[in-house]
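# Reading the structure
These are the residues of each chain, in order.
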Amino acid sequence: MDEKGEALVGVSVSIKENPGNGTITDADGRFKLSGIKSKQTLVFSYIGFESQELFLRSTNERMRIVLKENVNMMDEVIITSSGKIQKKINVTGAITSVEMRELKVPATSISNMLGGRVPGIISVNRSGEPGKDFSEFWIRGISTFGAGSSALILIDGIEGNLNTLDPEDIESFSILKDASSTAVYGVRGANGVVLVTTKKGKAGKLDIRVKVNSGISYSPRMPEYVSATDYATLANEASVTRGGIPIYSEVDLALFSNHLDPDLHPDVNWRDVILKDYTWNQQYFLNASGGGQIARYYISAGYLNKEAIFKQDKGLNRYDTNVNYNKFNFRANVDVNLTETTTLSLNEESVITTQNYPGYGDDTGALWEAQANLTPVTVPILYSTGEAPGYGTGKNTVSPYVLLNMTGYRKSYTNNNKITMQLAQKLDMLTEGLSIMGLINLDTSSWMWQAREKSPAIYYADGRARDGSLNLVKKQESIESFYSNSTQSDRKYYYEGRINYERVFDKLHRVGGLIHAYWSDYESSKYKTALTAIPKRYNSYASRLSYSYADTYMAEFNVGYTGSEAFEQGKKFGWFPAVSFGWTPSQYDFMQKALPFLDYLKFRASYGIVGNDRLTWDDSVRFPYLTLIGSSGSGQWNNGQGITETQVGSSNLRWEKATKYNLGIDLRLWGERFDATVDIFKDVRSGIYQQRQSVPEEMGLVTLPWANVGKMKSWGIDGHLSYTQPLDPIDKSKYITFRANYTQSRNEILEYEEDIKKYPYQSAVGYQSGINRGLMSLGLFRDEYDIQNSPKQEFGNYLPGDIKYKDVNGDGVVNSDDNIPLQYSGTPQIQYGFATEFNWKNLNVSILLEGVSRVKYFRGGNMYNPFSGRDTGNVITDYANPNNRWISAEISGNPTTENPNAKYPRLYYGGSWNNSVNSTFWLQDGSYLRLKNVQISYTAKIKALQKFGLQSAIVSLIGENLAVWSKEKMLDPSQAMYNGTKYPIQRVYTIQLNLSF
Amino acid sequence: MKVMNKISNNNRIKTPLSVFSVIMFLAFLTFSSCEDYLDIDKYVYDQTTIDSIFLSKTRTEQYINGAAALLFNESLLTGTDWGGGVTLPSGSGADEAIIPFMLNGNRILYDEITETDTKINPWSICYKGIRKANIILANIHKNQELTEMESRDFRGRAYFLRAYFYFYLVRLYGPVPILPDVAFDTDVDVAEASIERSPYDQCVEKICSDFEEAAGLLPLERIETEQYMPTKGAALAFKARIQLYAASPLFNGNLYYSDWKNSEGVPFISQVEDKNKWAKAAATFKRIIDLNTYKLQTVAKMVNDKGTGTLPLPGTVPSANFPYGAGDIDPYKSYRSIFDGTYQAFSIKEYIYYANRSDSDDRLYFPSVIGGNATFSVTQDMIDAYRMADGRNYSEATEAERSYEAVGTSSTFSLEYPLSANRAHRDDNREPRYYATIGFNHCIWPGTSFRGTENLKNCEITYYADGNAINASDNNHRNRTGYTCRKYIHQEDIQHWNSTKKSKIWPLARYAEVLLGYAEALNEMEGSYTDESGVTVTKNVDEMIKYFNQVRYRAGQPGITTADASDYNKMKEIVKHEWQIEFAFESRRYWDLRRWKDAYDAYNKPIIGLDVSAKTTQRAQFYTTRVWNTEIYMKRMFSNKMYLWPIDRNVLQKNGKLVQNPGW
């Protein structure tokens, strides 16, 4: 039993003098063990509890044996590479392991939970659309400009998808950041590894948990566009200020404001037309786990439904046209003891997602773009005669109401099934601490979309006939409903074998060894050419040796010998060695005496090499080492067929190589209340794949080869600290915890294959990868004199009040040669988080703040370029505010409105090229601090309900994305770079009920 | 809560299963050996790889064909603006004619070429060809399927291709980088693969040695199915040509380029004139003559009682049989049949290396009434270069012979060439090559293959403002000088769907070049010279006369005399004049004007032509020559930078060691 007196099921009981003889406890915590002689010692052990030894004087005693829960953090375990469980104290690599307790929020995906919570992660979430609201993240930032910069995700050792995994199924996960922990992944480990383990059944009584939540979400930030009257007035200003005539007459203006002619003088707020104020989502989750000595199981099922915020006109169709995301999860993890030392495990996972879209396409971008593109007066929602309006034929010029409601619908399905069978055998009988494991995994998935598409005829009214009827010009013929579909399927095999050895000699020498091998094979119907459809295969052998002396000195050697099919014969495999050391001075007696508050101090260092074998993100280029031959004519020799290289093979292609350095320190103080880990790292990526650009033409290559020519370094720091203050010396359920974490990753391109540049600043070398490039703005032109005395700008015509640029290279003209690297990229360099958790008996309150900084983006697009298409191109209210823009004195009658420091330049009917090129004028700081999560939970243990088996119920109120503080006010800063053409990030309030039986 | 599992201990199977799982595990580890599992050979083994090419004879030959497919189609005077890559400026960029559109080929005349937009940029294609040739030469020894003969032939083709691609570059750009003969690895360091331009003479040496290798390996003659492929003679012909160019003033001691040096300070263009370079060219020409394989194309004299046969030979021309006179040949037809497709190419012994001619330029020659636009406008200077039938220069012709009045009687010669009664005296009694080459006012275009009912056969073409050469609805599509080129128009040809056009040959090298080149080189050289092959050439007047006069006699023209040939300066002018006429509109004059450094004078001359603004009723005015300068196409110019074509910016940007040609 445990300390609370509850029976423990599955405690293993063995006889010390005769280890072969043992059993485990049953559901009532009892056990029966025959063959015990007196004067023997029984050993009771159970995961999460301290082992107990019991010396038996006689065999007939009845005893209650109480196992103490293991709370010593020194013995905390951590999942390291190859899924190996290692004691944290012995870890020498840079590994962040995450307690799922910290992550318990109703996020759709784990990927959204990482940013600001996990040190070493830089993450961005660019969209709030159901089914696309996942975060992209990088371990320690972007460290290559090559094809793949994303981490390898392993779920129970198998490559998988974090976005479809139900967070509730996760037991724990680890982020492997340095080379020592990822070396065994060889050619796949360069960008770091995320290891996820799912829950397993524990021997014991049946445990059933139910989670139900329901959320309401809305878009807290969306750009505001002007009304028809304001629009028309501004349009007149835009035209007149450039010497044109007013676009709209007084009569027009009157009609816009009195709404008497909704066909030719509409006043549409497109946002209100297609968007609801809020929308709902639901999530249900059920799991059952338990088992006994022979078998243990964990079975779960989950369902998620998210509806988009689009306002569909339900009366119009008998089907749903709204964007919608549905997900079903099913998981079964079953472990069976075939013998006492042999365990067979079967893990099964199925995920089905269903997405719904309006018929015109699965990209909602057009619906958002249309808001910035269609002005309130371009077209009405529908003509009064019933015709569907559109200004042009492009998706963003057709009434979004029509796109959303009148184009049919399309649905897509993704089905994924994974089955893993694992056989583990302990071989203590050969030598103590030895075990082996073999695993087979089959992973199949298929995908289909089907559409029942149609479109009404699109009309544009360009005036009225004499009799007053509308002059409708047909822009696009109607399309009758038609059906189409597309399917794709793939499958993967994965085999793995492992030999593990772990033993402590003389209580001082802890020796560990691992030999690990795997094979994987992936084929997919998405590859359409003979070459790209060749199965992707990996084969890897890896080994680890670790040794620690008295848990004070530690050393670990890792080596991966990994190969991929991507390279030529004889060059497929490579060695990836890594070495790491640890030193724990807090283990010395004198330290413990001298610094009693110091519980734990460890220094870590690691160095190693890892690889990355992918050429392009979509695998469109494979086997560039092959020289491919195709036919050519024979030209003027007229001598029959000719053949020529259609692809020139690249010689000596190898994988991209990451050399990683890591220095870390772990510290715990004051009785484990304070906990900190800080790592500094450097990653030098060399041999990054690039298609050669500056190869002299004299080489005579038919196609440009690929080569390992790029080089980039990234460096930074990550770490976390936490402090827990008990609020009651006895009751451990009363405490407050503060946590903070910080990740900073900078990078610089060291070598980059490019044409010889005219000016050094045009080169990518020496700058951050993906750095924003543009002109240097000098504000707005003051007057004609200012224009006359400034270098000529080659971006169309310009007047006072237009943006003035710096002639950086001093050649007398401002043109694209003056584009210089500005500051930062769209990916933050710094991400941090602060969390606090307060627990008072059954009440738990947690707050998470998350922030990023050193990130910039350009404002632009239609949102910041009013009247860009003359009749199209909406105006945001911020631009319409006369205090914000440059207005000529002739129009305003006030010379102070010719403000050279105005936020927006002079209006331009038709869109100004000069004012819309990327420059520092539009470069915006994307830093923010977000109140990402607030959760209030109350755990109720209601005696009355326990009769019905209900152990506990937790009611939680959760708010996500409750506030954002940033320089950007109109859009969510994390997606502001898209200038309003993406589904807004949502603010969500959820009520959640967790029941456990 | 009670659950399913009662603990039971009775199903423990011990060792056997453990052993089983160990065995399974070991079997697993040996699943397959590493490289084999990842081998993709089974997916690609049956596709052709670069290595498999050189194991099969067929594949090897196909690969060589693939390299030859990179050779440019040089047969279009306009370049190939009508589709396909533009190849050379030498057709429309010469001084022989103007074309009133901006073509990639003629832009140079109007200084419309810049480094960033060179319009003609064969650089990368030539180097692709060179790389392929290098690959062939490095791998062909692996091929066990080839006989010794085939191997020699194949290697010869590869050497020829490499030499020809270099020749193509050097002719256009002057000095170019000469690469190592082994193709660079694809992952070579950019700095290592960036090679600077070699001095011109080194380029020529490389080209000559490759052509020499090719000449040693290629067969002397080929079967008809292989007739377009190079032979020993072809290799020698191009060797001789580049030697002739290299000996010429532009590249031989040209002080204009004295400041233009490579990184080691060696001038790109030699600064000391070396007369021996002429002797080297002469020796190679002599070797071709000594092959005894080629002779000038001749057609037997045609005699009939209708008076429509071969024109009577002028008294100034020896009546001995060819090659000692023109007594037994029809000079017009002899010359014309080289170009007009009358005979099977294989039967013409004058061709040394030739290709099919593309006919997409033809619309520029054909007058509007029979389907063209007649825009190819030959300058009056070119017209006046043609001599009179008896060999006098046109400038020596009498006033009556130069009259614009109509001759008044029609006739036909060589059975096929009708002369209209309306032709002017000045277009009468000219040398046969004039009729074979030039379309003039009142010239008759027989178009005999026309099968329609309209009256399009035997059209008498006029270039008056209201003439039938002009498309009245499109003023831009008209001739600007009153003359066009008819060299590649067979008498039966007509630009009409209801007709057939003879397919034509484009001679890339023909024997007349060998004879003229030999004469030119002999005149320029000094003393005596023996080349590596043991051929000795000596500056010898009789030798010059003997071979030069063959070209004259075949054209029905009088030969040169010992006095002419003994006078170095006179002989020089005679040879240049002969090159101009004999090789008119063959894309040769562009290069010749430059190598002789005559381009400055030739181009900076006004465009002179007939007054095509005159109507049919204004005959006298029409035949008044006038300077045309109303359009940009008539304002051609030449500056020193134009001796060499600019290297494209894109090429320069990829090789930091390249330097641009002077003046660009």
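Residues numbered from 1 in each chain as written. Chains lettered and ligands numbered in written order. Predicted model: local features only at pLDDT ≥ 70, side-chain atom pairs only at ≥ 80, totals over all residues. Heavy atoms only, no water.

## Here's the deal with the overall build of chain A
Along chain A, the regular secondary structure elements total 13 helices and 48 strands. Relative to the 2.2 N^0.38 estimate, which gives 30 Å for 997 residues, the radius of gyration of chain A is 33 Å and therefore close to what a compact globule would have. The C-alpha extent of chain A, read off along each of the three principal axes, is 115 × 85 × 65 Å. The buried share among the 997 residues of chain A stands at 58%. Long-range contacts, defined here as pairs at least 24 residues apart, represent 69% of the contacts in chain A between residues at least 6 apart. Looking at chain A as shown, the accessible area adds up to about 40,700 Å², and 55% of this sits on carbon and sulfur atoms. Of note, chain A has its 105 positive side-chain charges centred 6 Å away from the centre of its 105 negative side-chain charges. (Helix = DSSP H or I, 4+ residues; strand = E, 2+ residues; numbered from the N terminus. Rg over C-alpha atoms; globule rule 2.2 N^0.38 Å. Buried < 20%, exposed > 50% of the residue type's maximum accessible area, 1.4 Å probe, protein only. Contact = heavy atoms within 4.5 Å. Areas by Shrake-Rupley, 256 points an atom, 1.4 Å probe, with all protein chains shown as cover. Lys, Arg positive; Asp, Glu negative; His and termini not counted. Charge placed at Lys NZ, Arg CZ, Asp CG, Glu CD.)

## Quick word on the sheet that holds strand β19 (residues 388-389) of chain A
Strand order in this open sheet of 3 strands is β19-β22-β23 (chain A), and the pairing throughout is mixed. At either margin of the open sheet sits one strand with a lone partner, and together these are β19 and β23 (470-476) of chain A. (Pairing = 2+ DSSP bridges.)

## Quick word on the interface of chain A and chain B
The partner chain B presents 86 residues to the 96 residues of chain A that form the contact. Between chain A and chain B, roughly 7,300 Å² of surface is buried when both sides are summed, and carbon and sulfur atoms account for 60% of that area. If you sort the residues of chain A by the area they bury against chain B, Q636, W637 and E698 of chain A come out on top, with a joint share of 14%. The interface formed by chain A and chain B holds 1 salt bridge in total. E645 of chain A is the partner of K132 of chain B in a salt bridge, and the nearest nitrogen-oxygen pair spans 2.5 Å. (Buried area = accessible area lost by both parts, 1.4 Å probe. Salt bridge = Lys/Arg side-chain N within 4 Å of Asp/Glu carboxyl O.)

## Some points on the sheet that holds strand β13 (residues 193-198) of chain A
Residue and element names in this part refer to chain A. The mixed open sheet is built from 5 strands, whose spatial order is β7-β12-β13-β10-β11. Each edge of the open sheet is held by one strand with a lone partner, namely β7 (95-99) and β11 (158-159). Relative to β11, strand β10 (residues 152-155) runs antiparallel, the two being bridged by 2 bridges. The residue bridging I155 from the neighbouring strand is I158, located in β11.

## What to know about the packing of helix α10 (residues 232-247) of chain B against helix α11 (residues 276-290) of chain B
All names here are of chain B. Interaxial distance between α10 and α11 falls to 8 Å at its minimum, and their mutual angle equals 160°. When the interaxial angle is binned, α10 and α11 end up roughly antiparallel. Judged by the twist between their axes, the crossing of α10 over α11 is left-handed. Between α10, through L236, A237, K239, A240, Q243, L244, A246 and A247, and α11, the contact on the second element is made entirely by K277, W278, K280, A281, T284, F285, R287 and I288. Residue classes in the contact of α10 with α11 are distributed as 10 nonpolar, 2 polar and 4 charged. (Axes fitted to C-alpha atoms, helices over the stretch in contact; angles between N-to-C directions. Parallel < 35°, antiparallel > 145°, perpendicular 65-115°, else oblique. Left-handed = near helix turned anticlockwise from the far one by under 90°. Nonpolar A, V, L, I, M, F, W, Y, C, P; charged D, E, K, R; others polar.)

## Considerations on the environment of D755 of chain A
Along the chain, the position of D755 of chain A falls in the loop between β35 (734-751) and β36 (773-774). Distance in space between the C-alpha atoms of D755 of chain A and W715 of chain A is 27 Å, their sequence separation being 40 residues. Once you skip the residues sitting within four places of it in the chain, D755 of chain A turns out to touch Q693 and S694 of chain A together with Q653 and K654 of chain B.

## Here we look at the nonpolar core
If you look at the biggest cluster of nonpolar residues, it comprises 206 residues, and the most contacted ones within it are F160, Y164, V176, Y353, F376, V378 and F585 of chain B. When sequence neighbours within four positions are dropped, the list of residues in contact with F376 of chain B reads L77, A97, I98, I99, L364, Y365, N479, Y483, T484, C485 and F585 of chain B. With 38 residues, the next largest nonpolar core counts L780, M970, L971 and A976 of chain A among its residues. (Core = buried A, V, L, I, M, F, W, Y, C linked by side-chain atoms within 4.5 Å.)

## Regarding the state of the cysteines
All names here are of chain B. Applying the stated criterion across every chain yields a total of 0 disulfides over all chains. In this structure C126 is not part of a disulfide, and its nearest cysteine sulfur, from C203, lies 13 Å away. The thiol of C443 is not disulfide-bonded; the next cysteine sulfur, from C459, is found 11 Å away. (Disulfide = S-S within 2.5 Å.)

## Some details on the side chain of T737 of chain A
Positionally, T737 of chain A belongs in strand β35. Filtering out sequence-adjacent residues up to four positions away, T737 of chain A remains in contact with Y723, T724, A835, T836 and E837 of chain A.

## A short note on unusual backbone geometry
Across residues other than glycine, the phi torsion is negative in most instances, and most of the peptide bonds are trans. Look at the link from F322 of chain B to P323 of chain B: it is a cis peptide, with omega at 10°. Its place among the elements puts P323 of chain B in the loop between α11 and α12 (331-336). In this model, K841 of chain A sits at a positive phi of 55°, which is unusual for a non-glycine residue. Its place among the elements puts K841 of chain A in the loop between β42 (830-840) and β43 (843-853).

## Points about helix α6 (residues 123-139) of chain B
Between its first and last C-alpha atoms α6 of chain B spans 25 Å; for 17 residues at 1.5 Å apiece the expected length is 24 Å, and the two agree. Buried residues dominate α6 of chain B, accounting for 15 of its 17 residues. (Expected span 1.5 Å × (residues − 1).)

## Description of the side chain of S769 of chain A
All names here are of chain A. On the secondary structure map, S769 appears in the loop between β35 and β36. Look at S769 and you get buried, because its relative accessible area is 16%. Contact partners of S769, with chain neighbours within four places excluded, come to F145, M712, N747, I749 and S825.

## So, the pairing of strand β15 (residues 279-291) of chain A
Residue and element names in this part refer to chain A. Bridging between strand β14 (residues 204-218) and β15 involves 12 bridges; their strand directions are antiparallel. Of the residues in β15, the one forming a bridge with S217 is T279. Pairing of β15 with strand β16 (residues 295-307), which is carried by 11 bridges, proceeds in the antiparallel orientation. Counterpart to G291 in the pairing with β16 is R296.

## Quick notes on helix α5 (residues 57-68) of chain B
All names here are of chain B. Between its first and last C-alpha, α5 extends 17 Å over 12 residues, near the 16 Å set by a 1.5 Å rise per residue. A large share of α5 lies buried, amounting to 9 of its 12 residues. All buried positions along α5 are accounted for by T60, E61, Q62, Y63, I64, N65, G66, A67 and A68. Its side-chain oxygen placed 3.3 Å from the backbone nitrogen of T58, S56 serves as the N-cap of α5. (Polar contact = N/O pair within 3.5 Å; in protein donor to acceptor, adjacent residues only side chain to side chain.)

## Regarding the packing of aromatic side chains
Residue and element names in this part refer to chain B. What the rule picks out here adds up to 86 aromatic pairs over all chains. Chaining the aromatic ring pairs together yields one cluster made of F72, F160, Y164, F167, Y168, F211, F238 and Y353. Between the NZ or CZ atom of K641 and the centre of the ring of W664, over which it lies, the distance is 4.4 Å. (Phe/Tyr/Trp six-rings, centres within 6.5 Å; stacked < 30°, edge-to-face > 60°. Lys NZ or Arg CZ within 6 Å of the ring centre and 35° of its normal.)

## A look at the confidence of the model for chain B
All names here are of chain B. Per-residue confidence for chain B averages 89 on the pLDDT scale, and 93% of its residues sit at or above 70. Confidence drops under pLDDT 50 across residues 1-15; counting only partners more than four residues distant or on other chains, this segment forms 30 contacts. In the predicted complex, the global pTM is 0.74; the interface-specific ipTM is 0.83. (pLDDT = per-residue confidence, 0-100.)

## Thoughts on the pattern of salt bridges
In the structure shown here, the tally under the stated rule is 97 salt bridges over all chains. Of the charged contacts, one joins E656 of chain A and R685 of chain A as a salt bridge, the two residues approaching to 2.9 Å between their closest N and O atoms. You can see E656 of chain A sitting in strand β32 (residues 656-669) and its partner R685 of chain A sitting in strand β33 (residues 674-691), a full 29 residues away along the chain. The shortest N-O distance in the salt bridge between R626 of chain B and D611 of chain B comes to 3.6 Å. Taken as a pair, R626 of chain B in strand β14 (residues 625-628) and D611 of chain B in the loop between β13 (607-610) and α21 (619-622) lie far apart in primary sequence, 15 residues in all. D611 of chain B gets classed as buried once you look at its relative accessible area, which sits at 7%. Put simply, E350, R387, E431, R433, K487, R510, R552, R554, E578, E582 and E586 of chain B are held in one network by salt bridges that share partners.

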